Amino acid sequence: MSDTVRVLIITGFGLNCEVETAAAFRAAGASPRQVHLNDLIANSDQLRDYQILAFIGGFSFGDHLGAGTVFANRLKHNIREELHQFIKDGKLVIGICNGFQTLTRLGLLPAIDGEYFVPRTALAPNDQGVFRDAWVTLGANPESPCIFTRGIDLLPLPVRHGEGKFVTSDKELLAALEERQLVALRYVDPETGQATQEYPYNPNGSENAIAGICDETGRVFGLMPHPEAYLSPYNHPHWQRQMINGVLPEEGLGQKIFRNAVAYAEKTLI
Amino acid sequence: MHYRIEVAPLPNQVDARGKAVVHQAETFLGTGIRQVTTRDVYSLFADINDEQAERIAAEFTNPVIQQYAMGSSSTYSFDWLIMVGYLPGVTDNVARTAHDAIRDIIGRPLRPHEAVFSSVEYLVSAPAVKRQEIERIAEELLANRLIQSIDVRSAEDVASNGIPVNRPEFVAVGECAIETIDLDVTDGALQRISDSRTLALSLGEMKAIQGYFLEVASDPGRIALGLGAQPTDAELEAIAQTWSEHCKHKIFDAIIDYEDDAGKQERIDSCFKSFIRKSTEEIGKEIPWLRSVFVDNAGVIGFNDKVDLVYKVETHNSPSALDPYGGAMTGIVGVNRDPLGTGMGANLLINVWGYCLASPFTGTDEVPEGLLHPRRIRDGVHQGVIEGGNQSGIPYGYGWEFFEPRYLGKPLVFCGTVGLLPRTLGDKPGHAKSIQPGDLIVMAGGRIGKDGIHGATFSSEELHAESPAQAVQIGDPITQKKLADFTIEARDKILYRFITDNGAGGLSSSIGEMATQCGGCDLDLAKAPLKYQGLRPWEILVSESQERMSYAVPPECIAEFRALAARREVEVTVLGTFTDSGYFHIRHGDATVVYVKLDFLHDGYPRLQLKAKWQPPVHEEPEIPHEEDVDDLLRRMIGRLNVCSGEKKARQYDHEVKGLSVIKPFVGVANDVSSDATLFMVEPLSKEGIILSYGIQPRYSDIDTYHMTASVIDLALRRIIAVGGKLGHIAALDNFCWPDPVQSEKTMDGEYKLAQLVRANQALYDYTRAFKLPCVSGKDSMKNDSTRGGRKISIPPTLLFSAVARMEDITKAVTIEAKRVGDLVYVIGDTHRELGGSELFAMLGAVGNDVPRVNAAQALITYEAISKAIEQGLCRSVHTPALGGLAIGFAKVAMGGRLGMEIDLAAIPRQGELEPVELLFSESNSRFIVTLSKVHKEAFEALLNEVPHACVGTTTYDNAITFYDGDSLETAVELEDLIDAYKLTLSEL
């Protein structure tokens, strides 16, 4: 087997972040491949050749019938077992924005007690009722088992969604997510670094300011903000001020999420 | 079997859609609505069992936040039920997706006789509100009767009669007959034929058609095909579409006798050829990067050794006036197909949008009968472009709104798209394409219905009461996204030889154009995939149903082309063959419906001969306010519609997708002040970038369109310079939107309006030539008048000038806001007393006469110097003032940085004597406000020895902009007041 981590990025039907997601994994040293959903379904055995599976952002099926609904159904009716096997094999799955919505619809997240394919969380319409594109500040949970957020403290990223309000089926589940440290990222006040329900820092009204969660293995991760849109330091809205103040980072801070995944896969899966 | 499936938010969830209706009803109509809950309803007609139907319902529902009910649930209490569905034949995107989902759930696609329809139901709690008011809410907020059905029921009615079944199936009327039209009639009857069929042809044109068919009556080819001396309906329609103003730009192509105010006469042989194309051709001899201009769907310029850049801006005004949401969505999704159909097909990279509208605060009684309220137009247009752009995964580069009362009659909806073409595909340039006789005519994407019939001819007319509702279309971004993704895959495999889009005029236009490449075509309309039966052949031919591309596919590639399309769930159909017969030959099965010589189809129309006479208008001069009022003037002006922040709407558009954004539409410490221009990396992590900017200033047209044009060209150009662009690799697009400039009984001032067009073109030539700024594509829309409600409203002559530049190194870019306390503030460029058409005069209710002019030679020297200063890293911020002059300019620099400023008015460079108010609010062109560190003072000034400039102040910790005049303190304007006023005006809309 080759020594490069292989990433499968599912495309098609209105998904649209394939180019930058591929760029993110490539910059992290992996070898990404974009595969149309229908081609994946037609040849689902190919999943075995990959260590990371990416569900990207976009508007699969126009978000008609609810974000991620139709895409998740198509996966469930066609390659459910293969997806389950992929996770059982110790591999990594990331879902960004529409991909996160799809993972929750599929029930690959939060999969409490390893109960996959039971949807118990959702990304509901934003409290403000409209799509919003703005940069937010995220705080990572250092106690989380999440592979992807290791070593991250504060992370500025753009959000771009109309359905991103994280909700749970019941309070017990929310408590369990917290207790098991499955909340990997929260929306925080950029001044204090504290989790916040205050708009626009919390852009959608998410419960407990949750922006991203993982399963108990830490290998399946979903988030609403877009790390693949902050690969270059020049993506940041204040890069000039950072440059003047001598604090412009070497690379975009979103890159770290992909580096973490690739590093883990290199170490444990190849 | 019919199943009704209801999906509603769980009671513990926020019903965001319902909440929005309550809010809108309150602010818009002022009615007392207590609560609105909403639900999605799917009407499913299919041979399935109850268990399958229930499974479909369950899978349509997100169990964490939604619940479903089979049939009609009775758990809600309400006073009124409003049901909104689609009219028969109208695109129902949700239902189309439901169709796809059902296939996955039941394991088979729905059969032809099975169907699913979507609708939305609003359950309104408003015990004290009358039916009439509820109906008004339904019609003015929730639905558009042109495309949607509205059914309002009281709770009692629903309790006793239940909820009606939503089944808007299109029932075919009429047969697929081919009609012939007798043109051997009087002139009056000829004109009536044109009018009654919405052909928008003049008598001269009808007579040219009459003459052609007389001539070909004995053509043996024609007789052998069973056609006679009379044209078929399809022939007449095809010619009308091809000759429409929309497609042939007859006014820009006209021969014009122009007389200026000195009585000097000249004959202009086509404004397009004499000014626009001439300038570009001359510049083309001096620069190596023009790839393809004026010949394809969009202009192509070089970018780097890997890709060329494609850019096109279009308008979609008439459809947006009738159905703002659908019209505007079609505008953005439609213009995406221009780059996609340019060369061998471009990857879509960045969208732009801009709208000219009447104030959303216009009183309801000021809106003529039959026109939509400007607020409703604004909301619908934004929503359409937001959904169209976001769902296509294309970030917007910049967006703007310009408000002026005269756009009440016709809103202008500009949408544009930048694309990237591979420089080479196989062994050919990516921008080159050709067709060989024998290549197959292939259409891909959406199916054909009655939607959009007569779009091209309709948009070539003014809006009148009978404007055809079927000219309105709804976009389907996801079908198009699939089509675009498929096209790029097919392009990279080189599975076709030629591609173009189906826009105005439908197949008639696209295949008509393609046929000129090889000299003919033979197309069978009976093969075209239809949304429903019952279309006449001519309707299939000219339908503007969306999301379709046409290709010339070599026979040896068709199998692979089809196989790829099948895997991508894109419908493709072979409609016929390209030939070299010299004829546009269209059949319906065995029957020929069109057999017209290509030469005649494309060049047979008589050119217009028009007169234009320029008489400069004289306006009253207002009294200039006193200098003590500067504080008040500035605070009032910053909240005015054309100055204030449009961030609330703009943030609903995605500008970050693709991860390329470097300078964003809103910048500054709080990301809330609009930037001069935006900058994108050309691909993720690239150092090379694309700068986009625009200029528009229709109020200057009230004084002189020559200087209006010079000003918008300068504005677009200097905005590129302001963010770090350089002269030398900048291209432009011209979009003219004019009121009807053809003298007639309806347009008594046609000669004046045409003179305005001539003068705009003269300036366009003069200034693009001087700035070496080639126009690489453009578009005109020439009949932006409305006579609805018995009142004629004509838009002001409007030119949108868009610029695109290549930036070598994005890391050198600068934004407008002040960055550090203690930095020096410079003003570059002279201020003249030029307040004619200015924001200040508009605020004072005046026009004035001293319109800003442009000194191109001096501007070029200034731009070179500013570019150098930015490249050398000397500038911390650069802003170029526009509306509101230096006053608004200083305010934006200060607000963006949340820093104060001390400005000495006496130091500002000027020409002539100016009062302080004139100095601050004059809109002279080619000026900049720059802040920089004291360390760079000398280096900066050394670059400016040939440019008027002065250090006029410093940035401060004070929370105010303080204006001095020499030693005497004048006035201080609190920053917080300015920011509040800047953000308040459109904060709730």
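Residues numbered from 1 in each chain as written. Chains lettered and ligands numbered in written order. Predicted model: local features only at pLDDT ≥ 70, side-chain atom pairs only at ≥ 80, totals over all residues.

Caption draft 1: Structural view of the overall build of chain A. Scanning chain A from N- to C-terminus turns up seven helices and eleven strands. Against the compact-globule benchmark of 18 Å for 270 residues, chain A has a radius of gyration of 17 Å, which places it among compact chains. Overall size of chain A, expressed as C-alpha extent along the three principal axes, is 50 × 40 × 35 Å. The proportion of buried residues among the 270 residues of chain A is 61%. (Helix = DSSP H or I, 4+ residues; strand = E, 2+ residues; numbered from the N terminus. Rg over C-alpha atoms; globule rule 2.2 N^0.38 Å. Buried ≥ 20, exposed ≤ 12 C-beta atoms within 10 Å, placed from the backbone.)

Caption draft 2: Spatial organisation of the overall build of chain B. Helix and strand counts for chain B stand at 30 helices and 41 strands. Taken over the C-alpha trace, chain B has a radius of gyration of 29 Å; the compact-globule value for 989 residues is 30 Å, and the two agree within 12%. Counting only C-alpha atoms, chain B reaches 85 × 70 × 55 Å along its principal axes. Buried residues in chain B amount to 58% of all 989 residues. Sequence separation of 24 or more characterises 82% of the internal contacts of chain B that already satisfy a separation of 6 or more. (Contact = placed C-beta atoms within 7 Å.)

Caption draft 3: Focus on the pairing of strand β2 (residues 31–36) of chain A. Pairing of strand β1 (residues 6–11) of chain A with β2 of chain A, which is carried by six bridges, proceeds in the parallel orientation. Note on β2 of chain A: the bridge partner recorded for Thr 11 of chain A is His 36 of chain A. (Pairing = 2+ DSSP bridges.)

Caption draft 4: Region of interest: the nonpolar core. The biggest cluster of nonpolar side chains holds 259 residues, and the ones touching the most others in it are Leu 309, Ile 638, Ala 803, Phe 890, Ala 891 and Ala 894 of chain B. When residues in this core are grouped by element, the largest group, twelve residues, is from helix α23 (residues 705–723) of chain B. Residues contacting Ala 803 of chain B, with those up to four places away along its chain left out, are Ser 693, Tyr 694, Ala 716, Leu 717, Ile 720, Ile 730 and Ala 732 of chain B. Counting residues in hydrophobic clusters, the runner-up holds 110 residues, among them Cys 97, Phe 100 and Ala 140 of chain A together with Ala 95 of chain B. (Core = buried A, V, L, I, M, F, W, Y, C linked by C-beta atoms within 7 Å.)

Caption draft 5: Inspection of helix α17 (residues 506–518) of chain B at higher detail. Residues and elements named next belong to chain B. With ten of 13 residues buried, α17 lies mostly within the body of the structure. Buried within α17 are the following residues: Gly 506, Leu 507, Ser 508, Ser 509, Ser 510, Ile 511, Gly 512, Met 514, Ala 515 and Cys 518. Of the residues trailing α17, Gly 519 is marked for its positive phi of about 105°.

Caption draft 6: Summary view of unusual backbone geometry. The residue after Leu 109 of chain A, namely Pro 110 of chain A, is reached through a cis peptide bond having omega -5°. Mapped onto the secondary structure, Pro 110 of chain A falls in the loop between α4 (98–106) and β5 (121–124). Residue Pro 200 of chain A follows Tyr 199 of chain A across a cis peptide bond; omega there is 5°. Tracing the backbone shows Pro 200 of chain A in the loop between β9 (183–188) and β10 (210–214). Despite not being glycine, Phe 294 of chain B shows a phi value in the positive range, around 65°.

Caption draft 7: Summary view of the pairing of strand β22 (residues 583–588) of chain B. All names here are of chain B. For β22, the tally of buried residues reaches six of six residues, placing the bulk of the element in the interior. A two-sided burial pattern is seen for β22, the buried positions comprising Tyr 583, His 585 and Arg 587 on one face and Phe 584, Ile 586 and His 588 on the other. As paired elements, strand β19 (residues 521–524) and β22 share four bridges and run parallel to each other. What sits directly across from Asp 522, in β22, is His 585. The antiparallel hairpin formed by β22 and strand β23 (residues 591–597) contains two residues in its connecting segment, where Gly 589 sits at a positive phi of about 65°.

Caption draft 8: The arrangement of the interface of chain A and chain B in detail. If you look at the interface, chain A gives 54 residues, while chain B gives 54 residues. Among the secondary structure elements, those contributing two or more residues to the side of chain A that touches chain B are α1 (18–27), α2 (37–42), α3 (69–88), β5, β6 (132–140), β7 (154–161) and α6 (239–244) of chain A. Examining the composition of the side of chain A that touches chain B, we find that five residues originate from one element, α3 of chain A, more than from any other.

Caption draft 9: Looking closely at the sheet that holds strand β28 (residues 678–681) of chain B. All names here are of chain B. Spatial strand order, β25-β28-β29-β34-β30-β31: six strands in an open sheet with mixed pairing. Whereas interior strands pair on both sides, the edge strands pair on one side only; in this sheet they are β25 (661–663) and β31 (775–781). The mean angle between the axes of side-by-side strands here comes to 20°, regardless of whether they run parallel or antiparallel. As paired strands, strand β30 (residues 730–737) and strand β34 (residues 798–807) are joined by eight bridges and run antiparallel to one another. Among the inter-strand pairings, Ala 732 is bridged to a residue of β34, identified as Ala 803. Helix α11 (residues 271–284) rests against β30 and β31 of the sheet, and its axis sits at about 170° to β31. The strands touched by α23 are β25, β28, β29 (689–695), β30 and β34; relative to β34, the strand with the most contacts, the crossing angle is about 25°. (Axes fitted to C-alpha atoms, helices over the stretch in contact; angles between N-to-C directions.)

Caption draft 10: Broad picture of the packing of helix α6 (residues 187–196) of chain B against helix α7 (residues 203–216) of chain B. Residue and element names in this part refer to chain B. Two numbers describe how α6 lies on α7: the axes approach to 9 Å, and their chain directions differ by 100°. Accordingly, the angle class assigned to the pair α6 and α7 is roughly perpendicular. On the side of α6, the interface is formed by Asp 187, Leu 190, Gln 191, Ile 193 and Ser 194, while α7 contributes Leu 203, Met 206, Lys 207 and Gln 210. Along the lines of polarity and charge, the residues of the contact of α6 with α7 split into four nonpolar, three polar and two charged. (Parallel < 35°, antiparallel > 145°, perpendicular 65-115°, else oblique. Nonpolar A, V, L, I, M, F, W, Y, C, P; charged D, E, K, R; others polar.)

Caption draft 11: Inspection of the packing of helix α2 (residues 50–60) of chain B against helix α3 (residues 93–106) of chain B at higher detail. Residue and element names in this part refer to chain B. Interaxial distance between α2 and α3 falls to 10 Å at its minimum, and their mutual angle equals 120°. Looking at the two axes, α2 sits oblique to α3. Of the two possible hands of crossing, α2 and α3 adopt the one that is right-handed. Of α3, the residues touching α2 (which contributes Gln 52, Arg 55, Ile 56, Glu 59 and Phe 60) are Ala 101, Ile 102, Ile 105 and Ile 106. Class assignment of the residues belonging to the contact of α2 with α3 gives a composition of six nonpolar, one polar and two charged. (Left-handed = near helix turned anticlockwise from the far one by under 90°.)

Caption draft 12: Here's a closer look at the environment of Gln 265 of chain B. All names here are of chain B. Along the polypeptide, Gln 265 turns up in strand β8 (residues 265–269). Along the chain, Gln 265 and Lys 613 lie 348 residues apart, while their C-alpha atoms are 9.1 Å from each other. Ignoring anything within four residues of it in the chain, the contact list for Gln 265 reads Asp 257 and Glu 259.

Caption draft 13: Structural detail: the sheet that holds strand β20 (residues 548–553) of chain B. Residue and element names in this part refer to chain B. The seven strands lie next to each other as β18-β20-β17-β21-β19-β22-β23, forming an open sheet whose pairing is mixed. Every other strand in the sheet has two partners, leaving β18 (498–501) and β23 as the edge strands with one partner each. Across this sheet, the average inter-strand angle for adjacent strands is 20°, counted without regard to direction. Two elements, strand β17 (residues 440–445) and strand β21 (residues 572–578), share five bridges in a ladder whose sense is antiparallel. Pairing of Ile 441 across the sheet is with Gly 576, part of β21.

Caption draft 14: Representation of the confidence of the model for chain B. For chain B, per-residue confidence averages 94 on the pLDDT scale, and residues scoring 70 or more make up 97% of the total. Per the prediction output, this complex has pTM 0.96; the corresponding ipTM is 0.97. (pLDDT = per-residue confidence, 0-100.)

Caption draft 15: Representation of the environment of Ser 924 of chain B in the model. Residue and element names in this part refer to chain B. Position of Ser 924 among the secondary structure elements: in the loop between α28 (916–921) and β38 (928–932). Spatially, the C-alpha atom of Ser 924 lies 11 Å from that of His 707, the residues being 217 residues apart in sequence. Look past the residues within four positions of Ser 924 in its chain and what remains in contact with it is Asp 830, Thr 831, His 832, Glu 834 and Pro 852.

Caption draft 16: A look at the environment of Ala 818 of chain B. Position of Ala 818 of chain B among the secondary structure elements: in the loop between β34 and β35 (824–828). Sequence-wise, Ala 818 of chain B and Val 673 of chain B are 145 residues apart; in three dimensions their C-alpha atoms are separated by 12 Å.

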